[in-house]
Amino acid sequence: MKIFISSDIEGTAGITAWDEAKKGQPEYVEFREYMTNELVAACEGAQAAGATEIVVKDAHSSARNLILSKLPPYVSIVRGWSGHPDEMMFGIDTSFSAALYIGYHNKAGTDTNPLAHTLSGAVSRLLINGEVASEFTLNALCASRYGVPSAFLSGDAGMCAEAEVAVPGIATLATSEGFGPATKSLVPAAAVIAIREGVEKALSGNYNNSLPNLAEEFELVVEYTNPSDAYRNSWYPGMEHIAPRTLRFNAQDYFEIQRAIRFVV
């Protein structure tokens, strides 16, 4: 069993403000540790379920967040941004048995997490085939492109609920719930225990059909907060500038959608 884990921070238990997620801010040091502890718990759960190889993608901001000295020796880690369109899933391929998502957050415009966003603050909404997409949406489709099922996600309650709709059969663990700029969450110690147990249970069950459907054709719509961003990115080949703040792009291959996102978001 070979497992891929994409690790983010804004869905970590307890996180409530942007200063807690930004390198260089005093609060970041504490929450970087919580992010690492949740990731380690997922690795331990995967190993307990029979995983023989685990690859982790540090997928937040600089992609240099996880405390490497805390990671188990059976884990390998992808740090930094290569520029590959797989982005938060870079390192995944057809050899993996399942993908896990730790510390995930809901999409831009939602109120289930004070830190909800989609890839960058420049995007107000990103739609795939008419449905507003989260980072999880994009990444689960990426995994599906390789034939890799999405078995487990931890993060805010809103993201968990949406993941269960997008990928039937995925196991989720809600670490927090948003109330405007406030949160109610598990304490970090409880989140670690629950993630370890949840991952082991998910990977011990039947997750093989937890694959979002890849459509025959894809429409990407990006709505920016600033019309200047839409104009600048409208020069990507095949991109349509359909409104002052909105671009549209169509493709039959999901990888072409990923490639477009890589350059316009």
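Look above for the structure.
Summarised in this report is the structure supplied together with it. Since we're looking at a predicted model, the values are computed, not measured. (Residues numbered from 1 in each chain as written. Predicted model: local features only at pLDDT ≥ 70, side-chain atom pairs only at ≥ 80, totals over all residues. Heavy atoms only, no water.)

Some words on the side chain of glutamate 20
With respect to the helices and strands, glutamate 20 occurs in the loop between β1 (2–7) and α1 (26–48). It is lysine 22 that comes nearest to the buried, bridge-free glutamate 20 among opposite-charge side chains, at 12 Å. A distance of 2.7 Å separates the side chain of glutamate 20 from the backbone nitrogen of threonine 16, its partner in a polar contact. Those residues in contact with glutamate 20 that sit more than four places away from it in its chain are Ile9, Gly14, Ile15, Glu27, Tyr28 and Phe31. (Helix = DSSP H or I, 4+ residues; strand = E, 2+ residues; numbered from the N terminus. Buried < 20%, exposed > 50% of the residue type's maximum accessible area, 1.4 Å probe, protein only. Lys, Arg positive; Asp, Glu negative; His and termini not counted. Salt bridge = Lys/Arg side-chain N within 4 Å of Asp/Glu carboxyl O. Polar contact = N/O pair within 3.5 Å; in protein donor to acceptor, adjacent residues only side chain to side chain. Contact = heavy atoms within 4.5 Å.)

Digging into the packing of α1 against helix α4 (residues 188–204)
Close contact between α1 and α4 brings their axes to 7 Å; oriented N to C, the two are set at 30 degrees. With respect to α4, the element α1 is oriented roughly parallel. α1 and α4 meet at a crossing whose hand is right-handed. Taken together, the residues of α4 that come into contact with α1 (itself represented by Tyr34, Asn37, Glu38, Ala41, Ala42, Glu44, Gly45, Ala46 and Ala48) are Pro188, Ala191, Val192, Ile195, Arg196, Val199, Glu200 and Leu203. Here the residues of the contact of α1 with α4 sort into 11 nonpolar, two polar and four charged. (Axes fitted to C-alpha atoms, helices over the stretch in contact; angles between N-to-C directions. Parallel < 35°, antiparallel > 145°, perpendicular 65-115°, else oblique. Left-handed = near helix turned anticlockwise from the far one by under 90°. Nonpolar A, V, L, I, M, F, W, Y, C, P; charged D, E, K, R; others polar.)

Focus on the pattern of salt bridges
Taken as a whole, this structure holds eight salt bridges when the rule is applied. Where aspartate 86 meets arginine 145, a salt bridge forms, and the shortest distance between an N and an O atom there is 2.8 Å. With a gap of 59 residues between them, aspartate 86 in the loop between β3 (75–78) and β4 (98–104) and arginine 145 in helix α2 (residues 135–145) connect regions that are remote in the sequence. Judged by its relative accessible area of 3%, aspartate 86 falls in the buried class. Arginine 145 sits in the partly exposed class, given a relative accessible area of 26%.

Considering the layout of surface pockets
Where empty space is left in the structure can be found by rolling a water-sized probe over the atoms. Approximately 590 Å³ is the volume attributed to the largest pocket. Ala59, Trp81, Met88, Leu119 and Glu135 are the residues nearest the centre of the largest pocket, which is lined by 30 residues in total. When contributions to the lining of the largest pocket are tallied by element, the ones reaching two or more residues are α2 and α6 (254–264). Of the residues in the lining of the largest pocket, the class split is 13 nonpolar, 10 polar and seven charged. Listed by contribution, the elements that provide at least two residues to the lining of the second largest pocket are β6 (131–132), α2 and α3 (157–166). For the lining of the second largest pocket, the leading source of residues is α3, giving five residues. The residue makeup of the lining of the second largest pocket, split by class, is 13 nonpolar, four polar and three charged. (1 Å grid on protein atoms, 1.4 Å probe; cavity = no way out; pocket = protein on both sides within 12 Å on 5 of 7 lines; lining within 4 Å. Points joined across faces, edges and corners; volume = space filled by probe spheres on them.)

Just distances and angles here, no functional claims.
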